[in-house]
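Structure assessment
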Amino acid sequence: MNDEEFREDLGKVDRDNCADSSAFADVQRIGHELQDGLLALLYETRTLPQVVRDYAIF
Amino acid sequence: MGASGASPLEVLAQKAGREFPHLFTARKRTASGLADRSQRLQGLSHSPDASVVLMGSWGRAEVTAGSDDDFMLLVHGVERDAVEPSMAAIGSVLDSSPGTQGIFGVPVFSGRLVHDIGLDQDDNSNLTRRMLFLLESAPVTGAEAYRAVREEILDRYVDDSVKAYRPPRFLLNDVVRYWRTLCVDFAGKEHEARRSGDCETPSCAPRARSSLPVACSPPWNAFDLTWARFATTWKASSIWFRPTASRSVSSSTMPSNREQGRSAPTTSSLGE
């Protein structure tokens, strides 16, 4: 996000033109990767799922 | 800092074998920026219980060239009219207005942050102020007042927990409530904008415009908040902003990650 041109491109995105925006596609991809990584970290490692159950879901 | 003196980011970079150049640059920019602003604010007279606090990317140590000087004037003392420095004086030194969407336009007194948790008195502004203060803020002046208020708030959360064992569910529930509030309020703002005719989402009549209305813009414009960006990027972008023929897509009609051919990292890929 430390890229002014990239931020300007994102600022121009709305629902109508998001499909044509490479900047939006990049951010969306990063978002999906982050989500997948978090889910794997929280639920698919050996020890963390128990911690998640005890401390994050209550 | 860890036992070795390395920051968590440095430890992560070492273990992951990644350099994270942008994050490290942001850390340096944050540290130098805080020192610069602290020096500039020292010239202003301060009430002994006042602290000038920078919010958002400053608190996250993620300052970039596009970051604003969103600030809060925090007061660890009784509510009163006269507090130094004035909001205007701070704004002139920082060349910025108090940030996020006007909720920091007045001095913030610790009593409300500490004691008005829950019930009617804990309105949207108070919740937002308290959570941003806890989650993403950094003191520029008055570090003692800043630290004292943080400790009082955390004491309140921990001391009022019903059960002796942890985790501190009172605190966790409030953090979760805040994140949910962000998402609900975003939808509320879109709705209000549509009603007032300022919205250009597909369900609204097209209007000529010179700039994107804040309430209808993508979340990174609507909220200068990390978790708003995070939540809306990986949730809303999949649902609200995914281009479709009808533009009216329910979550139940969206393909899952697996259906989209994306596979989640496995245990082995995480190095366990």
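What you are looking at is a predicted structure, and each value in this text was computed from that prediction instead of being measured. (Residues numbered from 1 in each chain as written. Chains lettered and ligands numbered in written order. Predicted model: local features only at pLDDT ≥ 70, side-chain atom pairs only at ≥ 80, totals over all residues. Heavy atoms only, no water.)

**Description of the overall build of chain B**
A count of helices and strands for chain B gives 10 helices and four strands. Of the regular secondary structure in chain B, the N- to C-terminal order runs α-α-β-α-β-α-β-α-α-β-α-α-α-α. Buried residues in chain B amount to 41% of all 272 residues. Taking all contacts inside chain B whose residues are at least 6 apart in sequence as the whole, residues at least 24 apart take part in 61%. As presented, chain B carries roughly 14,600 Å² of accessible surface, and 54% of it is formed by carbon and sulfur atoms. (Helix = DSSP H or I, 4+ residues; strand = E, 2+ residues; numbered from the N terminus. Buried < 20%, exposed > 50% of the residue type's maximum accessible area, 1.4 Å probe, protein only. Contact = heavy atoms within 4.5 Å. Areas by Shrake-Rupley, 256 points an atom, 1.4 Å probe, with all protein chains shown as cover.)

**Some points on the pairing of strand β1 (residues 50-55) of chain B**
Residue and element names in this part refer to chain B. Counted residue by residue, β1 has six buried out of six residues, so it is predominantly covered. The alternating pattern of β1 places Ala50, Val52 and Leu54 and Ser51, Val53 and Met55 on opposite faces, both of which are buried. Relative to strand β2 (residues 71-75), β1 is paired through five bridges, and the arrangement is antiparallel. Its bridge partner being in β2, Val53 is matched across the sheet by Met72. Bridge count for β1 against strand β4 (residues 137-139) is three bridges, and the pairing is antiparallel. Residue pairing across strands places Leu54 opposite Ala138, the latter belonging to β4. (Pairing = 2+ DSSP bridges.)

**Describing the side chain of Thr141(B)**
Residues and elements named next belong to chain B. Inspection of the secondary structure assignment puts Thr141 in the loop between β4 and α7 (143-159). Residue Thr141 is classed as buried on the basis of its relative accessible area of 5%. Among the polar contacts made by the side chain of Thr141, one reaches the main-chain amide nitrogen of Val52 at a distance of 3.1 Å. In contact with Thr141, not counting residues within four places along its chain, are Leu41, Gln42, His46, Ser51 and Val52. (Polar contact = N/O pair within 3.5 Å; in protein donor to acceptor, adjacent residues only side chain to side chain.)

**Points about the pattern of salt bridges**
Residues and elements named next belong to chain B. Following the criterion strictly, the structure yields 15 salt bridges over all chains and no others. Among the ionic pairs, Asp116 bridges to Arg112, the shortest N-O distance being 3.0 Å. Look at Arg112 and you get partly exposed, because its relative accessible area is 23%. Among the salt bridges present, the one from Glu144 reaches Arg147, with a minimum N-O distance of 2.3 Å. Of the two residues, Glu144 and Arg147 are both situated in helix α7; the distance of three residues between them amounts to about one turn of the helix. By sharing partners, the salt bridges in this structure join Asp36, Arg37, Arg40 and Asp69 into a single network. (Salt bridge = Lys/Arg side-chain N within 4 Å of Asp/Glu carboxyl O.)

**So, the environment of Ile153(B)**
Residue and element names in this part refer to chain B. With respect to the helices and strands, Ile153 occurs in helix α7. Taking relative accessible area as the criterion, Ile153 reaches 0% and is therefore assigned buried. In the structure, Ile153 is positioned 101 residues away from Val52 in sequence and 18 Å away in space, judged by C-alpha atoms.

**Brief notes about the packing of aromatic side chains**
All names here are of chain B. Under the criterion given, the structure shown has two aromatic pairs over all chains. Between Phe133 and Tyr146 the ring centres are 5.1 Å apart and the planes differ by 75°, which places this aromatic pair in the edge-to-face class. Here Phe133, found in helix α6 (residues 124-135), pairs with Tyr146, found in helix α7; they are 13 residues apart in sequence, far enough to count as distant. One Lys or Arg, Arg150, reaches over the ring of Phe133 and ends 5.8 Å from the middle of that ring. (Phe/Tyr/Trp six-rings, centres within 6.5 Å; stacked < 30°, edge-to-face > 60°. Lys NZ or Arg CZ within 6 Å of the ring centre and 35° of its normal.)

**Overview of the side chain of Asp122(B)**
All names here are of chain B. Mapped onto the elements, Asp122 comes out in the loop between α5 (110-115) and α6. The exposure class of Asp122 is buried, given its relative accessible area of 5%. A distance of 3.5 Å separates a polar atom in the side chain of Asp122 from the backbone nitrogen of Leu127. Excluding its chain neighbours within four sequence positions, the residues that come into contact with Asp122 are Asp116, Ile117, Leu127, Arg130 and Arg177.

**Describing the domain arrangement of chain B**
You'll often see interface size given as the accessible area lost when the parts meet. All names here are of chain B. When cut into domains, chain B gives domain 1 (1-157) and domain 2 (164-272). Taken together, the contact between domain 1 and domain 2 spans 19 residues of the former and 16 residues of the latter. Taken together, the two surfaces of domain 1 and domain 2 that pack against each other cover about 1,500 Å², and 57% of this comes from carbon and sulfur. If you look at where domain 1 meets domain 2, you find two salt bridges. Arg177 serves as the salt-bridge partner of Asp122, at 2.7 Å between the closest nitrogen and oxygen. Scanning the region where domain 1 abuts domain 2 turns up four residue pairs in polar contact (both at pLDDT 80 or more). Elements with a contribution of two residues or more to the side of domain 1 that touches domain 2: α6 and α7. (Domains from an automatic or database assignment. Buried area = accessible area lost by both parts, 1.4 Å probe.)

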